[in-house]
Amino acid sequence: FFDDLQWADVSSLEVIDYLITDSNNPNPLMIIGCFRSNEVDNMHILKTKIDHFDKEKEKFMFNLTNIELESFQQVDDVKKVIMAMLSIDDSHSTQKLSEICMKRTDGNPFFLIEFVTMLEEEKLITFNLGLLKWIWDNKVTEEKTMSTVNVVDLLQTRMRKLPHHGQLLLQYAACLGFSFRVTILDIIWAKHSINNAKDDPKALSNLLALMEEGNFIENIRDGSYRWVHDKVQEAASSLGDAGKLLSQFEIGALLYHSLSENEFEDSLFDVVDLINKGSAKQSPEFANLNLKAADKACSISAFHGAADYVARGIKFLPNESWFLYRGLTLRLHTLGSEIALALGKIRTMDEYNNKVLSRDDFSALEKFPLNFAKSYKISNVEMKYDNAIEFCLDVLKELGCSIVGNRVTLPVKAISSLLRTVKLAKNTSRDTIVMMTDERQIAIMKFLPRLFYASFQARNKFLLILSVTEMVQMTIRNGMSASSGIAYGTLALLTASTLGNFETAAIFADTALYLQEKVPSKFSESITIYTTYSLVFVWSKPVQSSLTPLINGYMGGMRGGNSAYAIWNLIAAHVWLPFQIGKPLSEISEKCLACASQVEELKQPGQGILMKMFWQTCLNLTGQSKETIKLKGEVFDCDEVVCTSPLHEAVCNFNKLALLVFFGDYKQASKLAIRLGDTFLKTARGQCVGMIETLNRGVALYARALHTKKMKYKKHANNVRGTVKKWMVNGNPNVKHYYCFLSAEQAALDKKYEAAGSLYKEAILLSTRTGHLHNTALFNERYANFLLEEMSDKDEANYRMEEAIRFYNLWGADAKVHALQQNR
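Summary of the structure given here. Quick caveat: nothing in here was measured; it's all calculated off a predicted structure.

### Re the overall build of the protein
Helix and strand counts for the protein stand at 42 helices and five strands. Oriented by its inertia axes, the alpha-carbon framework of the protein measures out at about 105 × 75 × 50 Å. Long-range pairs, those at least 24 residues apart, make up 67% of the contacts in the protein with a sequence separation of at least 6. Accessible surface for the protein amounts to roughly 37600 Å². Of this, 50% is attributable to carbon and sulfur atoms. The positive charge centre, built from 93 side chains, and the negative charge centre, built from 94, are 10 Å apart in the protein.

If you want it as structure tokens, here you go:
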């Protein structure tokens, strides 16, 4: 049972998503979730997730039931409750009382019950033993309850009926949060209760029973209670002086000095929260407590709370803390920077960084976490990739790692290093790799992926290669660290994309996952999963098999504070891979909409631009944009957005080509295909959509070759077919239907019409079996053109065009369907 889901963060909702869609779990599972609908609008992440569940319920075979518990809208509804509570059958006699209750409670069921209970306690409703029925005076009731404005007032009215020490206990319990343990409450009670209650050993248990009987609290397990409603806790906390800030601070300080080590650890957040509500100005001891709370909050991915603890901890530091408490001060600022990075609070991150990096009394290792965060800002936020490369090289040099040397010989050095490292990695058993222990080496290993990322984005392939080979060699030479999984994952990427060896790449990718498991780190795991499942395995395994791991990579990244790669995993799982395998365009658009706010919140503009390009393509195809073949609309405008990296430009051209191909402008598509060549494959190394980009180039070139018979189109088209054949021969299971289709086009070009017809049919059959709606539609469309233009078979051509329209319709490409129907 999950309560108050309106406050759930993205990571928590993704965990629920994982539980619900885990079709491999044979055990039956029922999940109940509650939320306040008045706090969840159409743009709320919970609403998006519920809509997602509704769409996925048939696929994953689960039932979804929505039960909306609204406030009573009519007086008659309130009347039915009152008649049931008072065991009265006469609706006329309760009409006025029902109107009063409706007015005072606004129809809220919880408030209504509290209000009627209060009326009985105030003797405004009494049971007449002589008449054997409830009686009341409507006029008196209305007058006496005029001052009752909300449920807190109602609850406090009831609470003030309790003995004084009972009221005091309510206030103390409210300080301990929504749930509390009796052992903790007993410490406060022993110190602060009034004397006559303190001397009675049963006083506390008797009062708890009284609070439970009054429906203020409920027993959730032996020795633990919780409030029946958060409004009850709110009413108790403001009932008297014990809820004031000074008293809360005193309670927090008392618990801090009284609890055992285990008890304090269990109650850390509650104790620190109470202390922070006090007026203490400078206290290194309390600063350290906030640091502990921040560390613990980070360990459970509660980064917003952790950020508050760091800020409060710094306020507790004395003015000369950099000299008197150097380690504590540095740790608070370092953690603050890391948390701000995880939350995408770049300005706050800068503030923490500047306070440390502006000083000259820290070593390279001490400044390392701040420099790590700074490199993130330069590359991921400012998208100044060349600057990021230089910054990374400077930091690595400070740490004692110089990998560039003579830049003139950089290409030779990089290629030879790659070949040597691949051989070394193949000959090294993963079981022989020890654990890395040197802090400087661990820091270098953590920073090298930042150089890899900047080099990847800047398309500096030689630095990219050297950053990877250095990581792998350090792992083999010095031992595994949390970044060793990244090292082997990126080596797998280079082995596949540069050397074309998919089999060895898959072995390295498996080693990457093995090493990541050996040295657990959610931060690094997110990178390793993205690299292996989005960039490597998709070339040797069915693309669909990467979807679930990438969602896990997203959740791990969010929990580990790696927002950048969390978003990379999310976009790959929700946009790129679904587009590659022909998922319905409406689903992809919805996922883009759901991702957009999080991408913006986490300050990931680079990923945001890439996602919007695909989103706009989906909108064009579905007819939700005025444009068709031009990548332009509400979400993305290719004429206005300046591509800041080679990857952005490559993906922009990918989407331009896709629109030209799907809307049949083969003349412009073929020009673009010749101009681009295999630029996308070289720039977006390993991206699975490189497969469909290659197919689109082949479609455009063959269509133009068949139309013009010109050699330049024939040559480029056959080169594309050769690339796809090489992938297929090397074990890529995702492109067999591509090769069949391109071979059909080649056969048509060679006037081998019977072979062409068979190959078209085989390509259509294969793409249908694998659920590639877009490929099936396009193949049928091209087959229809072949039948009409080359075979003059109008009947079969009409049938194939109808099939194309049917599959385009299933894909959701309404604009394409409309265009085909108009041209018939």
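### Here we look at the environment of lysine 397
Position of lysine 397 among the secondary structure elements: in helix H22 (residues 385-398). For lysine 397, a relative accessible area of 61% corresponds to the exposed category. Taking the C-alpha atoms as reference points, lysine 397 and isoleucine 444, separated by 47 residues in sequence, lie 9.5 Å from one another.

### Quick look at a positive patch on the surface
On the surface, Lys667, Lys671, Lys710 and Lys712 cluster together into a positively charged patch. Within the secondary structure, lysine 712 sits in helix H37 (residues 711-729).

### A word on the nonpolar core
One finds Trp576, Leu577, Phe579, Met691, Tyr808 and Trp811 to be the most contacted residues of the largest nonpolar core, which totals 184 residues. Excluding its chain neighbours within four sequence positions, the residues that come into contact with methionine 691 are Val538, Trp539, Val543, Gln580, Trp727, Asn732, Asn734, Val735 and Tyr738. Counting residues in each nonpolar core, the second largest holds 64 residues, with Leu168, Leu328, Leu332 and Tyr352 among its members.

### Structural notes on the state of the cysteines
Between two cysteines, a covalent bond joining their sulfur atoms is known as a disulfide. Scanning all chains against the criterion turns up zero disulfides. Free of any disulfide, cysteine 595 has its nearest cysteine sulfur in cysteine 592, 6.6 Å distant.

### Let's talk about the packing of helix H28 (residues 522-535) against helix H29 (residues 547-560)
Axis separation between H28 and H29 bottoms out at 7 Å; the angle between their running directions is 160°. The orientation of H28 relative to H29 falls into the category roughly antiparallel. When you trace H28 past H29, the crossing you get is left-handed. Contacts between H28 and H29 involve Lys522, Phe523, Glu525, Ser526, Ile529, Tyr530, Tyr533 and Ser534 from the first element and Pro549, Leu550, Asn552, Gly553, Gly556, Gly557, Arg559 and Gly560 from the second. In the contact of H28 with H29, the residues fall into six nonpolar, seven polar and three charged.

### Quick notes on the sheet that holds strand E4 (residues 217-221)
Two modes of strand pairing occur in sheets, parallel and antiparallel, and in both the strands are linked by backbone hydrogen bonds. As summarised here, the arrangement of the three strands in space is E3-E5-E4, forming an open sheet in which the pairing is antiparallel. The open sheet has two edge strands with one neighbour each: strand E3 (179-181) and E4. Here the average twist between neighbouring strands, direction ignored, is 35°. As defined by bridge partners, E4 adjoins strand E5 (residues 224-227) across four bridges and the pair is classed as antiparallel. Paired with asparagine 219 across the strands is tyrosine 225, a residue of E5.

### Quick look at helix H42 (residues 814-823)
Residues Ala815, Lys816, Val817 and Leu820 constitute the buried set of H42. Residues of H42 that are buried in the fold lie against helix H32 (605-622), helix H33 (646-662), helix H40 (773-789) and helix H41 (794-811).

### Details of helix H3 (residues 75-86)
Since there are 3.6 residues in each turn of an α-helix, residues three or four apart along the chain are aligned in direction. Given a rise of 1.5 Å per residue, 12 residues ought to cover 16 Å, and the 16 Å separating the end C-alpha atoms of H3 matches this to within 8%. Within H3 the residues assigned to the buried category are Val78, Lys79, Ile82, Met83 and Leu86. Taken end-on, H3 shows its buried residues confined to a sector of 140°, consistent with a single buried face. Every exposed residue of H3 that faces more than 90 degrees away from the buried side is listed here: Lys80 and Ala84. Residues of H3 that are buried in the fold lie against helix H4 (95-105), helix H5 (109-121), strand E1 (125-128) and strand E2 (133-136).

### Topic: the packing of aromatic side chains
For the structure on display, the rule yields 37 aromatic pairs. The interplanar angle of 20° and the centroid separation of 6.1 Å between the aromatic rings of phenylalanine 180 and tyrosine 225 together place this pair among those described as stacked. In this pair, phenylalanine 180 is assigned in strand E3 and tyrosine 225 in strand E5, connecting sequence segments 45 residues apart. Exposure class is identical for phenylalanine 180 and tyrosine 225. Each is buried. Measuring from ring centre to ring centre gives 5.3 Å for phenylalanine 614 and phenylalanine 654, while their planes differ by 40°; the resulting arrangement is tilted. With phenylalanine 614 in helix H32 and phenylalanine 654 in helix H33, this residue pair connects regions lying 40 residues apart in the sequence. In terms of burial, phenylalanine 614 and phenylalanine 654 fall into one category: buried.

### Remarks on unusual backbone geometry
The phi dihedral of serine 87 falls on the positive side, at around 55°, and the residue is not glycine. Tracing the sequence through the fold places serine 87 in the loop between H3 and H4. The class of serine 87 is exposed, set by a relative accessible area of 65%.

### Remarks on the pattern of salt bridges
By the definition in use, this model includes 21 salt bridges. When the shortest N-O distance is used, the salt bridge between glutamate 382 and lysine 377 registers 3.6 Å. Residue classification places glutamate 382 among the partly exposed positions, given a relative accessible area of 34%. In this structure, the salt-bridge partner of glutamate 796 is arginine 800, at a minimum N-O distance of 3.3 Å. Highlighted residues: glutamate 796 and arginine 800, both in helix H41, separated by four residues, approximately one helical turn. We classify arginine 800 as buried; its relative accessible area is 12%. One salt-bridge network, held together by shared partners, links Lys96, Lys103 and Glu142.

Rules behind the numbers
- Residues numbered from 1 in each chain as written.
- Predicted model: local features only at pLDDT ≥ 70, side-chain atom pairs only at ≥ 80, totals over all residues.
- Heavy atoms only, no water.
- Helix = DSSP H or I, 4+ residues; strand = E, 2+ residues; numbered from the N terminus.
- Contact = heavy atoms within 4.5 Å.
- Areas by Shrake-Rupley, 256 points an atom, 1.4 Å probe, with all protein chains shown as cover.
- Lys, Arg positive; Asp, Glu negative; His and termini not counted.
- Charge placed at Lys NZ, Arg CZ, Asp CG, Glu CD.
- Buried < 20%, exposed > 50% of the residue type's maximum accessible area, 1.4 Å probe, protein only.
- Patch = residues over 30% accessible without salt bridge, like charges linked within 9 Å, V, L, I, M, F, W, Y side chains within 5 Å.
- Salt bridge = Lys/Arg side-chain N within 4 Å of Asp/Glu carboxyl O.
- Core = buried A, V, L, I, M, F, W, Y, C linked by side-chain atoms within 4.5 Å.
- Disulfide = S-S within 2.5 Å.
- Axes fitted to C-alpha atoms, helices over the stretch in contact; angles between N-to-C directions.
- Parallel < 35°, antiparallel > 145°, perpendicular 65-115°, else oblique.
- Left-handed = near helix turned anticlockwise from the far one by under 90°.
- Nonpolar A, V, L, I, M, F, W, Y, C, P; charged D, E, K, R; others polar.
- Pairing = 2+ DSSP bridges.
- Expected span 1.5 Å × (residues − 1).
- Arc of directions from axis to C-beta.
- Phe/Tyr/Trp six-rings, centres within 6.5 Å; stacked < 30°, edge-to-face > 60°.

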